[in-house]
Amino acid sequence: MDIQHIGIVGCGLMGSGIAQCAAEAGYQVWVKEADEALLAKGLARIQGAWERAAVKGKLTGDQKAELGRHLNGTTTFAALAGCDLVVEAVPERMDLKLQTFAELDRVLGPGALLCTNTSSLSVAQISPALSPHRLARLAGLHFFNPVPVMPLVEVVRTLATDEDTLAALRAFVAKLGKTAVLAPDAPGFVVNRLLVPYLLDAMRCAEQKLATVEDIDTGMKLGCGHPMGPLHLSDFIGLDTMQSVAEVLFEAFGEPRFKAPSVLRQLVAAGRLGRKSGSGFYRWEGEKRQEAL
Ligand code: 3HC
């Protein structure tokens, strides 16, 4: 399969990161957002990343302009008609995913690959939105935050995904300069199945005052060589996201280690969603953080 044109549906944090990486890898990229304001915000995030790279001397003015020519914005699904691969990165709601894939089913060519960047929903549950002939080309491509920095992508296969699709997706991930691991279409795939109970356990430790938030983070950062401590990372991922992933995993496996602790529920209920809302386990001022539990 010759992949040249990439469509990204949703230009939030994940979608803009995927679009940025695809443009940097030389693909022609079409980013679709729900309206002009969201589109402008998403495209500005990508241009901002390229501006910062230029300021650091990592891109010349010409290279930045060339990257810009690989990036196209749209608010219509019809503009994605010529795409060989589309990655959906809309919010984690199955109704939105189903609507998106039904629209893609209408406009894409018969050989197009269809991927979701879901981190917690079942890929196979998207199938009813698609014509039967497309199911062999449906898969998950689970990127990690921040997308431009994190070198892993989980390639998620359903029982219907065919070998040609998996090979094409592995080649796509390699062209982005990232490493693919193959994961089954099971809740949490591989990484979140292991990561989430660890982060929830750290929250329980903070809740039980085993140590301060700072000391739990410093312990795991310096004691285990992790780039961020678990409570810092939870704030970074977003506590609402943490809670919804925990709910999916707990419902699937029923094990207490997947259960969202009460401190997480309380923080989310109070609107303290982590770094994006200005506070969570920490109070955030830009990159600066102060313990806030
Ligand atoms: N977007 C783009 N680039 C970023 C970035 C961002 N949000 N944050 C940092 N960077 C870049 C910087 O520009 C810098 O690039 P340079 O070397 O070219 O100058 C480089 O990353 C290093 O950044 P910093 O020196 O500022 O900071 P750190 O060295 O502390 O790295 C970090 C920041 C990469 C975020 C690192 O702390 C890290 O790896 N943290 C763990 C992240 C992680 O575990 N992510 C997975 C979350 S789980 C997930 O996504 C799954 C989901 O389903 C829940």
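As a reminder, the structure under discussion sits directly above these lines.
These remarks concern the structure in this document. Computed from a predicted model, the values in this text were never measured in an experiment.

Quick notes on the environment of Asn192
Locating Asn192 in the fold gives a position in helix α6 (residues 191-207). Take Asn192: there are 22 C-beta atoms within 10 Å of it, and that puts it in the buried class. Put simply, Asn192 and Asn145 are 47 residues apart on the chain and 12 Å apart in space, counted from C-alpha to C-alpha. Those residues within four positions of Asn192 in sequence are excluded, and the remaining contacts are Ser119, Ser120 and Val245.

A look at the site of the ligand
Near the ligand lie 15 residues; those nearest to it are Ser119, Phe144, Asn145, Pro146 and Pro227. The class makeup of the residues in the shell around the ligand is 10 nonpolar, 4 polar and 1 charged. Lining the shell around the ligand are residues from two domains, each supplying at least three of them: domain 1 (5-184) and domain 2 (191-283).

Digging into the pairing of strand β4 (residues 85-88)
Residues of β4 alternate between two faces, with Leu85 and Val87 on one and Val86 and Glu88 on the opposite face, all of them buried. Sheet analysis places strand β1 (residues 5-9) next to β4, joined by 4 bridges and oriented parallel. Across the sheet, the residue bridging to Ile6 is Leu85, located in β4. Here β4 runs beside strand β5 (residues 113-116); their pairing, made up of 4 bridges, is parallel. The partner of Val86 across the bridge, within β5, is Leu114. As a crossover connection, the stretch from β4 through helix α4 (residues 94-107) into β5 is right-handed.

What counts, and where the lines are drawn
Numbering of residues begins from 1 in every chain and follows the order in which that chain's sequence is written. Given that this is a predicted model, residues contribute local features only at a pLDDT of at least 70 and side-chain atom pairs are listed and counted only at 80 or more, while totals for whole chains, interfaces and linings are drawn from all residues. Helix and strand definitions here come from DSSP, where helices need a minimum of 4 consecutive H or I residues and strands a minimum of 2 consecutive E residues; each element is numbered from the N-terminal end. Residue burial is a threshold on neighbouring C-beta atoms within 10 Å of the residue's own C-beta, all placed from the backbone, with 20 or more meaning buried, 12 or fewer meaning exposed, and counts in between meaning partly exposed. We call two residues in contact if the C-beta atoms placed from their backbones are at most 7 Å apart. Residue proximity rests on one test: whether the C-beta atom, placed from the backbone, lies within 6 Å of the molecule or strand. Gly is put with the polar residues, along with every residue not named as nonpolar or charged; the nonpolar set is Ala, Val, Leu, Ile, Met, Phe, Trp, Tyr, Cys and Pro, and the charged set is Asp, Glu, Lys and Arg. Here the bounds of each domain stem from an automatic or database domain assignment. Here the rule is simple: two strands pair whenever DSSP picks up at least two bridges between them. Orient the strands so they point away from the viewer; a crossover is then right-handed if the path from the first strand over the helix to the second runs clockwise.

By themselves, these figures tell us nothing about what the structure is for.
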